[in-house]
Every structure is written in C-alpha cells, then in structure tokens.
There are 2 protein chains.
Amino acid sequence: MVVSDAMRIGERFLAVDWGTTNRRVYLIEDGVVIRSERDDRGVKAVAAGAFPAEVATIRDSFGDLPMLLAGMVGSTIGWQVAPYVPAPAGMMDLACALSWVDERTAIVPGVSSVQGGRGDVMRGEEVQLLGAVAAGLAPPNALLAQPGTHCKWVSMEDGRIAGFTTAMTGELFAMLRGHSILAPQLGGSVSPGDAFREGVEHGKRRDLAADLFGVRAAAMLNLRDDADAASYVSGLLIGSDVAARLADSRHDAVHLLADPVLGALYTIAIEANGREAFAIDSHAAFVAGIVRIGAMS
Amino acid sequence: MVVSDAMRIGERFLAVDWGTTNRRVYLIEDGVVIRSERDDRGVKAVAAGAFPAEVATIRDSFGDLPMLLAGMVGSTIGWQVAPYVPAPAGMMDLACALSWVDERTAIVPGVSSVQGGRGDVMRGEEVQLLGAVAAGLAPPNALLAQPGTHCKWVSMEDGRIAGFTTAMTGELFAMLRGHSILAPQLGGSVSPGDAFREGVEHGKRRDLAADLFGVRAAAMLNLRDDADAASYVSGLLIGSDVAARLADSRHDAVHLLADPVLGALYTIAIEANGREAFAIDSHAAFVAGIVRIGAMS
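Fair warning: this is a prediction, and the values are worked out from it, not measured in the lab.

Chemist: Explain the interface of chain A and chain B residue by residue, including any values.
Modeler: Where interface size is given, it is often the accessible area lost as the parts come together that is meant. In this complex, chain A contributes 40 residues to the contact, which on the side of chain B involves 40 residues. Summed over both sides, the interface between chain A and chain B buries roughly 3,300 Å², with carbon and sulfur atoms accounting for 69% of that surface. Between the two partners, chain A and chain B, sit four salt bridges. Two residues, Arg118(A) and Asp211(B), come together in a salt bridge whose shortest N-O distance is 3.7 Å. Linking chain A to chain B there are 12 residue pairs in polar contact (both at pLDDT 80 or more). Those elements that provide at least two residues to the side of chain A that touches chain B are β8 (111–115), β9 (118–122), β12 (160–167), α4 (169–179), α6 (208–220) and α7 (229–247) of chain A. Counted by class, the side of chain A that touches chain B contains 20 nonpolar, 11 polar and nine charged residues.

Chemist: Can you break down a negative patch on the surface residue by residue, with the values?
Modeler: All names here are of chain A. A cluster of acidic residues, Asp194, Asp225, Asp226 and Asp228, forms a negative patch on the protein surface. Mapped onto the elements, Asp226 comes out in the loop between α6 and α7. Judged by relative accessible area, which is 33%, Asp226 ranks as partly exposed.

Chemist: Explain unusual backbone geometry to me, using residue names and the numbers behind them.
Modeler: Residue and element names in this part refer to chain A. Residue Pro88 is bonded to the preceding Ala87 through a cis peptide linkage, with omega at 0°. For Pro88, the position within the fold is in the loop between β5 (85–86) and α2 (91–96). Even without a glycine there, the phi angle at Asn222 is positive, about 55°. Within the fold, Asn222 resides in the loop between α6 and α7.

Chemist: Tell me about the sheet that holds strand β8 (residues 111–115) of chain B, and name the residues and values.
Modeler: Residue and element names in this part refer to chain B. One open sheet accounts for three strands, arranged β5-β8-β9; its pairing is mixed. Each edge of the sheet is formed by a strand with only one pairing partner; in this case those strands are β5 (85–86) and β9 (118–122). Here β5 runs beside β8; their pairing, made up of two bridges, is parallel. Bridged to Val85 within β8 is Val111.

Chemist: An account of the relation of the copies chain A and chain B is needed here, citing residue identities and associated values.
Modeler: Relative to chain B, chain A is turned by 180° and slid 0.0 Å along the rotation axis, the superposed coordinates differing by an RMSD of 0.1 Å. One copy is carried onto the other by what is essentially a two-fold rotation axis. Among all residues of chain A, the minimum C-alpha distance to the rotation axis is found for Arg206(A), at 2.9 Å. The residues that chain A uses at the interface reappear at the interface of chain B in 100% of cases, marking a shared surface.

Chemist: How would you explain the pattern of salt bridges if you had to name every residue and give the values?
Modeler: Residues and elements named next belong to chain A. By the definition in use, this model includes 28 salt bridges over all chains. Put simply, Glu54 and Arg23 hold a salt bridge, and the shortest N to O gap is 2.8 Å. Residue Glu54 is located in helix α1 (residues 51–62), and its partner Arg23 is located in strand β2 (residues 23–29); the two are separated by 31 residues in the primary sequence. The burial state of Glu54 is the same as that of Arg23; both residues are buried. Notably, a salt bridge pairs Glu54 with Arg41, separated by 2.3 Å at the nearest N-O pair. Here Glu54 is found in helix α1, whereas its partner Arg41 is found in the loop between β3 (32–39) and α1, with 13 residues between them in sequence.

Chemist: Lay out the domain arrangement of chain A with the relevant residues and their values.
Modeler: For chain A, the domain assignment lists domain 1 (12–137 + 286–296) and domain 2 (167–280). Domain 1 of chain A and domain 2 of chain A are separated by 31 Å when their C-alpha centres are compared.

Chemist: Which residues make up the nonpolar core, and what are the values?
Modeler: Leu172(A), Leu176(A), Leu212(A), Val233(A), Leu176(B), Leu212(B) and Val233(B) are the most contacted members of the largest nonpolar core, which has 48 residues in total. The set of elements that each furnish at least two residues to this core consists of α4, α6 and α7 of chain A together with α4 (169–179), α6 (208–220) and α7 (229–247) of chain B. Filtering out sequence-adjacent residues up to four positions away, Leu176(B) remains in contact with Met168(A), Leu172(A), Met175(A), Leu182(B), Ala183(B), Leu186(B), Leu212(B), Val233(B) and Leu237(B).

Chemist: Lay out the sheet that holds strand β11 (residues 151–157) of chain A in plain terms, naming residues and giving numbers.
Modeler: Read across the sheet, five strands follow the order β12-β11-β10-β13-β14 (chain A) without closing on themselves; strand pairing throughout is mixed. Each edge of the open sheet is held by one strand with a lone partner, namely β12 and β14 (276–280) of chain A. Averaged over all adjacent pairs, the angle separating strand axes in this sheet is 25°, with direction ignored. Where β11(A) and β12(A) come together, seven bridges link them in antiparallel fashion. When the sheet's bridge partners are listed, Cys151(A) is paired in β12(A) with Ala167(A). The strands that α7(A) touches are β10 (142–146), β11, β12 and β13 (253–257) of chain A; relative to β11(A), the one it contacts most, it runs at about 20°. Contacts from α6(B) reach β11 and β12 of chain A within the one sheet, and its direction differs from that of β12(A) by about 105°.

Chemist: Quick rundown of α7(A)? Include the residues and the values.
Modeler: Over its 19 residues, α7(A) runs 26 Å from end to end, which matches the ideal 27 Å to within 8%, given 1.5 Å per residue. Burial of α7(A) is extensive: 18 of the 19 residues sit out of reach of the surface.

Chemist: Go over the environment of Arg160(A), please, and point to the residues and values.
Modeler: Residue and element names in this part refer to chain A. Mapped onto the fold, Arg160 is located in strand β12. Of the residues examined, Arg160 reaches a relative accessible area of 32% and is grouped as partly exposed. In this structure, the C-alpha to C-alpha distance between Arg160 and Pro260, residues 100 residues apart in sequence, is 26 Å. Within the structure, the side chain of Arg160 is placed 2.9 Å from the side chain of Asp93, a separation counted as a polar contact.

Chemist: Account for the packing of helix α5 (residues 194–203) of chain A against α7(A), naming residues and giving values.
Modeler: Describing two packed helices takes the angle between their axes plus the distance from one axis to the other. All names here are of chain A. As a packed pair, α5 and α7 sit with axes 6 Å apart at the nearest point and diverge in direction by 35°. α5 and α7 meet at a crossing whose hand is right-handed. Across the interface between the two elements, Ala195, Phe196, Glu198, Gly199, Val200, His202 and Gly203 of α5 pack against Ser231, Tyr232, Ser234, Gly235, Leu236, Ile238, Gly239, Ser240 and Ala243 of α7. Among the residues making up the contact of α5 with α7, the classes are represented as seven nonpolar, eight polar and one charged.

Chemist: Describe empty space enclosed by the protein, listing the residues and the values that go with them.
Modeler: One pass over the full model with this rule turns up two cavities of 30 Å³ or more. In terms of lining, the largest cavity is formed by 15 residues, of which the most central are Arg206(A), Leu208(A), Arg206(B), Asp207(B) and Leu208(B). Mapped onto the lining of the largest cavity, the elements with two or more residues apiece are α6 and α7 of chain A together with α6 and α7 of chain B. The greatest single-element share of the lining of the largest cavity, amounting to four residues, is contributed by α7(A). Its residues placed into classes, the lining of the largest cavity shows five nonpolar, two polar and eight charged. The computed volume of the second largest cavity comes to approximately 50 Å³. Leu172(A), Leu208(A), Leu212(A), Leu237(A), Leu172(B), Leu176(B), Leu208(B), Leu212(B) and Leu237(B) together form the lining of the second largest cavity. Every element with two or more residues in the lining of the second largest cavity is listed here: α6 of chain A together with α4 and α6 of chain B. Of the residues assigned to the lining of the second largest cavity, the class counts are nine nonpolar, no polar and no charged.

About the cut-offs
- Residues numbered from 1 in each chain as written.
- Chains lettered and ligands numbered in written order.
- Predicted model: local features only at pLDDT ≥ 70, side-chain atom pairs only at ≥ 80, totals over all residues.
- Heavy atoms only, no water.
- Contact = heavy atoms within 4.5 Å.
- Buried area = accessible area lost by both parts, 1.4 Å probe.
- Salt bridge = Lys/Arg side-chain N within 4 Å of Asp/Glu carboxyl O.
- Polar contact = N/O pair within 3.5 Å; in protein donor to acceptor, adjacent residues only side chain to side chain.
- Helix = DSSP H or I, 4+ residues; strand = E, 2+ residues; numbered from the N terminus.
- Nonpolar A, V, L, I, M, F, W, Y, C, P; charged D, E, K, R; others polar.
- Patch = residues over 30% accessible without salt bridge, like charges linked within 9 Å, V, L, I, M, F, W, Y side chains within 5 Å.
- Areas by Shrake-Rupley, 256 points an atom, 1.4 Å probe, with all protein chains shown as cover.
- Lys, Arg positive; Asp, Glu negative; His and termini not counted.
- Charge placed at Lys NZ, Arg CZ, Asp CG, Glu CD.
- Buried < 20%, exposed > 50% of the residue type's maximum accessible area, 1.4 Å probe, protein only.
- Pairing = 2+ DSSP bridges.
- Least-squares fit on C-alpha atoms with pLDDT ≥ 70 in both.
- Domains from an automatic or database assignment.
- Core = buried A, V, L, I, M, F, W, Y, C linked by side-chain atoms within 4.5 Å.
- Axes fitted to C-alpha atoms, helices over the stretch in contact; angles between N-to-C directions.
- Expected span 1.5 Å × (residues − 1).
- Left-handed = near helix turned anticlockwise from the far one by under 90°.
- 1 Å grid on protein atoms, 1.4 Å probe; cavity = no way out; pocket = protein on both sides within 12 Å on 5 of 7 lines; lining within 4 Å.
- Points joined across faces, edges and corners; volume = space filled by probe spheres on them.

Written out as structure tokens, the structure reads:
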C-alpha cells in the first residue's frame, strides 16, 4: 500500500518476532516490555490467508495497538513479502523500508548482501543485531555472530550491517545426525568437553568431507568412543565455521547472540582460534532494535 | 579357520566384487575373464546366514571352482569379517591375510590407515587400486582417486598403499539433495558446464557450510538459475574435496578409477587445481588385482 503520514508505530505497540516455527509477542510501552509470550504459531503453522485472523487474536489478547512484525512473516512463506534492504543497512534503512499491511501494521524487511558475486540473506536477525549495537550491548564496529540452524556472521561498521555470511552449520549437524552413514553414532548429546575440543581443532583444517568419514573410521578402528561422536562432529562443524569466518576477519573478538548452550560451544571454538567471545542477551537485543524501529516509523 | 597348505585359489577361479548394494561375479582362467555378470545381490540384500547358499548358487551357475571374494562381504554386515591390514599394504600383504571361509573360499581383507591420530578404512577398493598399479595402469608412486559415495584418495608408494583419505563427498551431495533446505533446488541433473566449474572454483575456499547457504541466497536474490544449482553444488563438493587433497600432495597428476560421468567431473576439478588427470579402467584394474592375489594364495 502507499505509505502515508497516518502510518505510525510509536511508543506503545505490539512487537512480534515471528519465525518459521515459533513466535514471541511483546507488549512494549516507552521502550519497556510490559508483557511477553512465546508460542509455536510460527509462519509454518499459519495457513496462507490466516494471518489477519492471527493478528486479530494477538490484539484481542495484548491490546488493540499498532503492530511491528519481524522475521519470516515477511518472507514468501509469510503474510506479505517485505523486500530485502541491501547492505550496508542500519536501523533507519529498515524503518524507511517497512512493509505496511495497513495503517498500523508493518513488517520489518530482511537484509541482503552481495559481495564478490556471493549472495546472502537474513530475515529477523537484523533487528537483534542492530538492536545489540544501538543498545551498547556490542560495539558499533565489531564482528557479531548469531549461531543456530543457519549461523549468521555479521560485520558491523559504524553501527550498520556492512556485510554478512550465513553458514548452514546447524542444519549440516541435523542432517548428519538424521540421514548420514554416521547417524547411528550421533545419537549422544553434545557436551563441551575433550571430544568437542578435538573436533574444533580438526575443524581448522576445513576439510569436512574427509574429517566426517574419519568419524566412521574411528569407530571401525576403535579410535574414539561412539558416545563422544556427536560432540566431536559438533566441534568439527562449529570449528570449521569459526575458523573460516575468523580467517577473513580483522576483529579480535566475536559478540555472540546465542542461547547459553550454543553460546558456550561457540565460545570454546572462538577462543581456540585465538579470539575473545562476548555473550549478548538476544531478547534484550531484539527489544532494543524493535523499539528504535518503532520510534523511527 | 587355521590356514593350511590345502588352501589355494590358483589360476582358474571365481572372483566376486561384492559391495553393499551390488556385486559382480567373474569367471577367470589364466588371468583372463571368461564370463562376468553383475546383479543387485549386494550384502545388504543377503540375510545373515544366507551367504553359503548365495555362494552355492554362484558355483551352480559359474562352475564349482575356488572363490575369492572382495568388498563389504568381509565386513561386519557381510559373511565373515576379514580384519583390516594396516597400511602400508601391498598385494602380498592382502594375499597373506586372506580370511578363509573354507579350503577353497577366501575373503580379501580391507586396509586401514592411522596417520596423525586420524583413522581411515577401505574395503573392496584395495583390489582395484593395487591391481591398477600391478597392471601398469598407474605408476607405482602416484596419487590415485576412486570417486563415489565415499571418495578414496590413495598415496601409492613403490606399488603399495602408503596411506589414504576418504571423503564422504558423494554422500554429502545425496544428503543435501534429499534432506536439506536446498533439496527443492537440487532436483536438476549435474552437467560439467559453467555452473559446475563455478562450484569448483568456490570449492577451493573450503568453506562448505557458507557456500551451501549461498545456494539458497542465490535463489532468493536471483543470482543463479535453480536449474544450475545441482551442478554448482556438485562442483562445490567435488572442488573442495579435490582442493583439500591436492593441497596435501606432491604429485602433479591424479589417476582416476571412476565411471566416465564422475570421472569427467573429477577431471575438471583436478585440472582447475593445476594437476593432470588420467582415467583408469576400473574393471581391468579389479581383474588385474584379483588375479594376482589369486595366484599368490
């Protein structure tokens, strides 16, 4: 729809971090979270055409307020496509490119990057990343990482997303655990012990296809207890991800937006590659980001 | 069973290249293949305990002769375990370590390697690899590769397997095609064109987790036609495999045991990494190998 002066989010609004499988709704007043709820109504659980009803239900529960949506809700499998803003992109670039559904409901765009012919995209992470810097949780010139199924590595310059790389580290682990010849060995849990650290060291070789087969061979030759295989493979994948990214970076620290478990694993790998790791609270970063975008719109 | 002088294979025998999903039976007389048949009775298709009946059926069809079996038939999912011979290993090492089932039926052992704490195993490939060198199809000091689900890279020294590395290159491709977020993009066929070559170039970065996500981003940003995605990903995987192996090798050529399609793809990647590739006939290599092991036993 055509953007008009009537369109505003303001200081009292509902924010929804609406991902593929989960979403979290926040009621925000003057920059403070008054109420927050998480559920499993991710965009995959919402039929095409059912988004207006979903949003009405949220307003019934949280209040009849302006609403700012971020994440996969703005993708082709979401409510309405919010086209990517190309990097370099800052908070104001996102606020100016909001995709308005109606006069008080807007979707935050994702960010795209094309560097040396290599494309990359993010959708949802940009709010947390820019929010972290805006709130002083990370420096304005820094390397940030958001581990997960698809790990985002973001080069922040002057508080804007200058460029980024996504590694499908978590997805590779899930795929190996579920569907590879290694699956019977990978049933164990991942712990940040010696096997994980050995994987991180081998990950520096950045030779996944061979080191993964080595996991099978290690079992055949009794070189490693199968109970340690999952930790080793996790270390291998995270280690090669970290090694590849740090080889290309001049920063001596990584600022991590992660849950404590994954954060601890990435911290080990980052330190094993000679850099410092700092943890950032993801929820605080999201709120900081969405509050600023709301105020700018 | 205890090895005795009565145990012999000799000059007229049946050889079976018995893999996981397929097998090929050869009737060999004085080093020449008289008859050969391939079927899908791989070890996975044979119930535990049913191997004696399978072998009896083969003898009914091909002649009541001594029999030499190679491949997964000697593994834990096969008939009888033929323990690995540690590298360095030559033809005589295999012949001396045959696992006899009865006085005229033996299984060729696989080969293991442990280098710098990294273990590796092969079972079945050793006959072709040593056979290729013994028949003069490859030099006695050379780098050989046998691409496939699990690609074997073998350093041959003085005609013996000095060490080797297995990369699960083909399995990663199948897994990505079947189970990853990229699956919908990877339905096309792989051809040795520009997209494959671009993948090979990017594969030199040895940064699979990021370059694979780039395939998805390329689709979102219309940077590459999805029809080319399978070729690009194949190039990426084969390219990183080849680049990793050649970085560690002093040889200026690779001798390839592969079918023509996969051989052509690996040849492109090997040449893109500045080395020469030579094709070897896999069947001729197997026959050369098994004939010599038979004669030595």
